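Spelled out, the chains give:
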Amino acid sequence: MNLVLGVSGSIAAYRAADLARDLMRAGYTVRVCLTDAAQKFVTPVLFETLTGQPCLIDTFDEPETGRMAHIDWARQADVLLIAPASANTINKIANGYADDMLSTIALAFTGPIIFAPAMNPAMYAHETTRESIQKLKGRATTILEPQEGDVVAGEHGPGKLASNMEIVNSVLAIEKRSQILRGKRVLITSGPTQEPIDSIRFLTNRSSGKMGAALARAALLMGAEVTVVSGPVKEPLPIQAQTIHIITAEQMLDQARQNAAKADIIIGAAAVADYRPSAPLKGKIRRSEESLHLDLVANPDVIAELAKVAKKEARVIGFAAEPDSGLETAVQKIHRKGLFAIAVNDISRKEIGFDADQNELMLIKADGSKETSGMQSKLGCALWLLERILA
Ligand SMILES: Cc1cc2nc3c(=O)[nH]c(=O)nc-3n(C[C@H](O)[C@H](O)[C@H](O)COP(=O)(O)O)c2cc1C
């Protein structure tokens, strides 16, 4: 297994030498990338000698002539670990800067990233650092909280680099997670649908596609091959997922059905419109003083239809947006639609669900068992959900 160890300009950089050895003992091929500031504390020679691998610093370093090392290293790595992670490197990577070799590798890398921050407690508590850490937690990253203790300059507080054992264990756990769905296919429907009223107007809902995107990221992190059938959304989907863009519920069903029979897990996270105008007008409905009545017809029940064509052993999961009293309805839906489980979003709460970055899911399985994820990022909820489905 290949690991890139990024070392940034922290006083704790000296600990990265032992960490590299511990990771090698755990079975990893370790390649080290230093920031300029890290070089003030440790040298490339130290890591090259310890690991037997070249050490990168400058964005234009090319151990193999003619090959862009940042792309090669990003492609070949199974995990990117940044330890110690300085405040500067955390803030840069959270915001997509790629102005040195380490941040460029991080931007080119699509797998799991682990940050082990080490810094002065005031830098760690700074609003900008907190915001960056929140951003990173919402993506495919793990933050190993620094330990509380005496830090240099006579201060006390959270800022000390996590122990080597904790860092190595976290790498192993994340790597194990990346194998869980290897060789499995996951199909996800995501976002809203738009049902045309005329050529320029449509019926839709407030779904942002954030939960669907988080599910796609989580399934990729677990090693799955992912297909997303997505309604019109602004939320970017991971590039490693195969994405099929649709507009209406009927198109969603058509596209998802073509991929359902080979899927091992099917998750219906899309907010499919239940009804559509029966006869959308070509052109534009003109204003008049008269009332306007729209005739609506029922749309297909996408997840129920997918359950019908799914493999027998596939796990089909529905999402239900219910007001807090809707649990009974959710249980009925599982049986009516032939699902393995249903994830309930409580839409009576503003801080979670539609368009929010956080969510809290109640997972109800066909056997009647119920479990809640607790409030966490949508990626956290997605990982939790997939783990529960497989449990
Ligand atoms: C002696 C010394 C120790 C430092 N220790 C830390 C530290 O532990 N954590 C941190 O975030 N910054 C620390 N800094 C500041 C960083 O080195 C500085 O912000 C640098 O620009 C980080 O660059 P990099 O993120 O590219 O490595 C320290 C600076 C000095 C001079």
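Residues numbered from 1 in each chain as written. Predicted model: local features only at pLDDT ≥ 70, side-chain atom pairs only at ≥ 80, totals over all residues. Heavy atoms only, no water.

### Side note on the pattern of salt bridges
Phase 1: Tallied over the entire structure, the rule returns 14 salt bridges.
Phase 2: The shortest N-O distance in the salt bridge between D22 and R25 comes to 2.6 Å. Residue D22 and its partner R25 are both found in helix 1 (residues 15-25); the two are separated by 3 residues, about one turn of the helix.
Phase 3: In this structure, D198 engages R201 in a salt bridge whose closest nitrogen and oxygen atoms are separated by 2.5 Å.
Phase 4: Exposure remark for R201: the relative accessible area of 33% places this residue in the partly exposed category. (Salt bridge = Lys/Arg side-chain N within 4 Å of Asp/Glu carboxyl O. Helix = DSSP H or I, 4+ residues; strand = E, 2+ residues; numbered from the N terminus. Buried < 20%, exposed > 50% of the residue type's maximum accessible area, 1.4 Å probe, protein only.)

### Some words on the sheet that holds strand 8 (residues 185-190)
Phase 1: With mixed pairing, 8 strands are arranged side by side in an open sheet as 12-11-8-13-16-17-19-20. The open sheet has two edge strands, strand 12 (242-245) and strand 20 (370-372), and neither has a second partner. Each adjacent strand pair in this sheet contributes to an overall mean axis angle of 15 degrees, direction not counted.
Phase 2: Bridge analysis of strand 11 (residues 225-230) against strand 12 gives 4 bridges, and the strand direction is parallel. Bridging from a neighbouring strand, S230 pairs with H245 of strand 12. (Pairing = 2+ DSSP bridges. Axes fitted to C-alpha atoms, helices over the stretch in contact; angles between N-to-C directions.)

### Overview of the environment of A83
Phase 1: Along the chain, A83 turns up in strand 3 (residues 79-85).
Phase 2: Its relative accessible area of 0% is what places A83 among the buried residues.
Phase 3: Residues A83 and E328, 245 residues apart in the sequence, show an inter-C-alpha distance of 48 Å.
Phase 4: Every residue in contact with A83, bar those within four places of it in the chain, is listed here: L5, G6, V7, A16, L19, A116, L161 and I167. (Contact = heavy atoms within 4.5 Å.)

### Observations concerning the domain arrangement of the protein chain
Phase 1: Domain parsing of the protein chain yields domain 1 (2-177) and domain 2 (185-390).
Phase 2: Between the C-alpha centres of domain 1 and domain 2 there is a distance of 36 Å.
Phase 3: Counting residues at the interface gives 9 residues for domain 1, matched by 9 residues for domain 2.
Phase 4: Across the domain 1 to domain 2 interface the summed buried area is about 700 Å²; carbon plus sulfur atoms make up 59%.
Phase 5: Our count for the contact surface shared by domain 1 and domain 2 stands at 1 residue pair in polar contact (both at pLDDT 80 or more). (Domains from an automatic or database assignment. Buried area = accessible area lost by both parts, 1.4 Å probe. Polar contact = N/O pair within 3.5 Å; in protein donor to acceptor, adjacent residues only side chain to side chain.)

### Section: the sheet that holds strand 4 (residues 113-117)
Phase 1: In space, the 5 strands of this open sheet follow the order 2-1-3-4-5, with parallel pairing throughout. Unpaired on one side and paired on the other, strand 2 (29-34) and strand 5 (141-143) mark the two borders of the sheet. Averaged over all pairs of adjacent strands, the angle between strand axes in this sheet comes to 20 degrees, irrespective of strand direction.
Phase 2: Across 6 bridges, strand 1 (residues 2-7) lies against strand 2 in parallel orientation. Along strand 2, the bridge assignment pairs N2 with T29.
Phase 3: Docked against the sheet, helix 2 (residues 44-51) engages strand 1 and strand 2, running at close to 175 degrees with respect to strand 2.

### Thoughts on the pairing of strand 2
Phase 1: In terms of burial, strand 2 is largely enclosed, as 5 of its 6 residues are buried.
Phase 2: In this region the chain leaves strand 1, passes through helix 1 and returns to the parallel neighbour strand 2; the handedness of that crossover is right-handed. (Right-handed = clockwise from strand over helix to strand, strands pointing away.)

### Brief notes about the environment of H156
Phase 1: Here H156 shows up in strand 7 (residues 155-160).
Phase 2: Taking the C-alpha atoms as reference points, H156 and R25, 131 residues apart in sequence, are found 32 Å from one another.
Phase 3: For H156, the residues in contact, after removing those within four places along its chain, are P121, E148, G149, D150 and V151.

### A short note on the site of the ligand
Phase 1: G9, T35, S86, A87 and T89 are the nearest of the 14 residues found near the ligand.
Phase 2: I11 places a polar main-chain atom, nitrogen or oxygen, 3.3 Å from a nitrogen atom of the ligand.
Phase 3: Here an oxygen atom of the ligand sits 2.6 Å away from a polar atom, N or O, in the side chain of S86.
Phase 4: Summarising the interface, the protein chains cover 63% of the accessible area of the ligand, which totals 640 Å² for the free molecule.
Phase 5: Considering every element that reaches the shell around the ligand, the biggest residue donor is helix 4 (residues 87-94), with 3 residues. (Near = heavy atom within 4 Å. Areas by Shrake-Rupley, 256 points an atom, 1.4 Å probe, with all protein chains shown as cover.)

### Some details on the pairing of strand 1
Phase 1: Counting buried residues along strand 1, 5 of its 6 residues qualify, which places the element largely inside the surrounding structure.
Phase 2: Across 4 bridges, the pairing between strand 1 and strand 3 is parallel. By the bridge assignment, L5 is partnered in strand 3 with L81.

### Points about a nonpolar patch on the surface
Phase 1: Taken together, the side chains of Y275, L292, L294 and L296 present a nonpolar region at the surface, about 400 Å² in accessible area.
Phase 2: As for its placement among the helices and strands, L296 is situated in strand 15 (residues 296-298). (Patch = residues over 30% accessible without salt bridge, like charges linked within 9 Å, V, L, I, M, F, W, Y side chains within 5 Å.)

### Regarding helix 10 (residues 249-260)
Phase 1: Counted at 1.5 Å a residue, the expected span for helix 10 with its 12 residues is 16 Å, and the 16 Å between its end C-alpha atoms agrees.
Phase 2: Those residues of helix 10 that fall on the buried side of the exposure criterion are A249, M252, L253, A256, N259 and A260. Considered in projection along helix 10, the buried side chains sweep an arc of 135 degrees and stay on one side of the axis.
Phase 3: For helix 10, the elements touching its buried residues are strand 8, strand 9 (195-196), strand 11, strand 12, strand 13 (265-268) and helix 11 (302-309). (Expected span 1.5 Å × (residues − 1). Arc of directions from axis to C-beta.)

### Quick notes on the side chain of T104
Phase 1: Looking at where T104 falls in the secondary structure, it is placed in helix 5 (residues 101-108).
Phase 2: Residue T104 is classed as buried on the basis of its relative accessible area of 11%.
Phase 3: A distance of 2.5 Å separates the side chain of T104 from the backbone oxygen of D100, its partner in a polar contact.
Phase 4: Apart from the residues lying within four places of it in its own chain, the contact partners of T104 are T59, H70, A98 and D99.

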